[in-house]
Each structure stands twice: as structure tokens, then as C-alpha cells.
Amino acid sequence: SAESVEFAISLNERPSMLERVEQRSRQFRPGQRFHHDAHGPGTVVAADPKSGVTINFDNGEAHQYNLASQRKLKPILKDSHTYSAENLFDLMDSDSSGFLDKDEFCYMHNMALESHLA
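Parameters and conventions
- Residues numbered from 1 in each chain as written.
- Predicted model: local features only at pLDDT ≥ 70, side-chain atom pairs only at ≥ 80, totals over all residues.
- Heavy atoms only, no water.
- Helix = DSSP H or I, 4+ residues; strand = E, 2+ residues; numbered from the N terminus.
- Rg over C-alpha atoms; globule rule 2.2 N^0.38 Å.
- Buried < 20%, exposed > 50% of the residue type's maximum accessible area, 1.4 Å probe, protein only.
- Contact = heavy atoms within 4.5 Å.
- Areas by Shrake-Rupley, 256 points an atom, 1.4 Å probe, with all protein chains shown as cover.
- Lys, Arg positive; Asp, Glu negative; His and termini not counted.
- Charge placed at Lys NZ, Arg CZ, Asp CG, Glu CD.
- Salt bridge = Lys/Arg side-chain N within 4 Å of Asp/Glu carboxyl O.
- Polar contact = N/O pair within 3.5 Å; in protein donor to acceptor, adjacent residues only side chain to side chain.
- Expected span 1.5 Å × (residues − 1).

Colleague: Sorry, what's going on with the overall build of the protein chain here?
Modeller: If you tally the helices and strands in the protein chain, you get four helices and five strands. In the protein chain, the succession of α and β elements from N to C terminus is α-α-β-β-β-β-β-α-α. Computed over its C-alpha atoms, the radius of gyration of the protein chain comes to 14 Å, within 12% of the 13 Å expected for a compact globule of 118 residues. C-alpha extents for the protein chain along the principal axes are approximately 40 × 30 × 20 Å. Counting all 118 residues of the protein chain, 35% fall into the buried class. Excluding contacts between residues fewer than 6 apart, the proportion of contacts in the protein chain whose partners are at least 24 apart in sequence is 44%. Total accessible area computed for the protein chain in this model is approximately 7100 Å², and 54% of it derives from carbon and sulfur atoms. Taking the average place of the 12 positive charges on the side chains of the protein chain and the average place of its 18 negative ones, the gap between the two points comes to 2 Å.

Colleague: What am I meant to see in the side chain of Arg24 here?
Modeller: Position of Arg24 relative to the elements: it lies in helix α2 (residues 15-25). Comment: no salt bridge for buried Arg24; closest opposite-charge side chain is Asp93, at 7.1 Å. A polar side-chain atom of Arg24 sits 3.3 Å from the main-chain carbonyl oxygen of Asp90. Apart from residues no more than four positions distant in its own chain, Arg24 is found in contact with Phe34, Gln70, Arg71, Leu73, Lys74, Pro75, Asp90, Leu91, Asp93, Ser94 and Ser96.

Colleague: How should helix α1 (residues 2-13) be read in this particular structure?
Modeller: One turn of the α-helix equals 3.6 residues, which is why residues spaced by three or four share an orientation. With 12 residues, α1 should cover 16 Å at 1.5 Å per step; its first-to-last C-alpha distance of 17 Å lies within 8% of that length. Contacts from the buried residues of α1 go to α2.

Written out as C-alpha cells, the structure is:
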């Protein structure tokens, strides 16, 4: 998307953000579940620091996400208690700003609540 292209260009101008994006990308593992606003929930089937992340969505579609487009993916964690605080933060900070904004925090809270109630 045009947004992802713009974001990729901004990463070249902001080394600290690029480092956070790469750190988040290293958290992706096959079998993990993520949510995309347009495609819904899906499962990571491949994760590589160079080529990106491939997600098979529950709707039957598969998409690959490079570093710039991975910000569109929100984790679905039923075991968030098993993550270190730093790793959980990296996954939840989907825009790699180094901060959780209100939307990211509320998403994390709802995910943790659902996990606890399950």
C-alpha cells in the first residue's frame, strides 16, 4: 500500500525506529496467530528477517508482510503470560513507536482479559 511505502521510506530516515521494527519482526514465529483489520485472524506459516512474514488467514487468503507492512498485524496471544515484558511490548507496539498508544494498550488489555477468561 502507499502507506507502507511511505513508512518504509521513513524507516531509512529514522534508524532507531528501524531497529524497533526489526526487533518486532524477530518476534514472529510459525504457528503464532495475528489479526489484520481487513483480513481477520490468521496464522504465521513462515517468518524470515529478510523476506518477511507469511500469514495464512482464516478466510483462505495468504499474504506476505515485509518490515514496513508488519505494523498492520496485531498479535492474538492466549499465552501472553509466557512472554517477557519486553517481548510482549515489542509485539503490541505495532507501529514500533517505542510507546503504546491508547488503541494498542486497549487491544492488549482486551487480549489479556480474553486469555484470562478462556
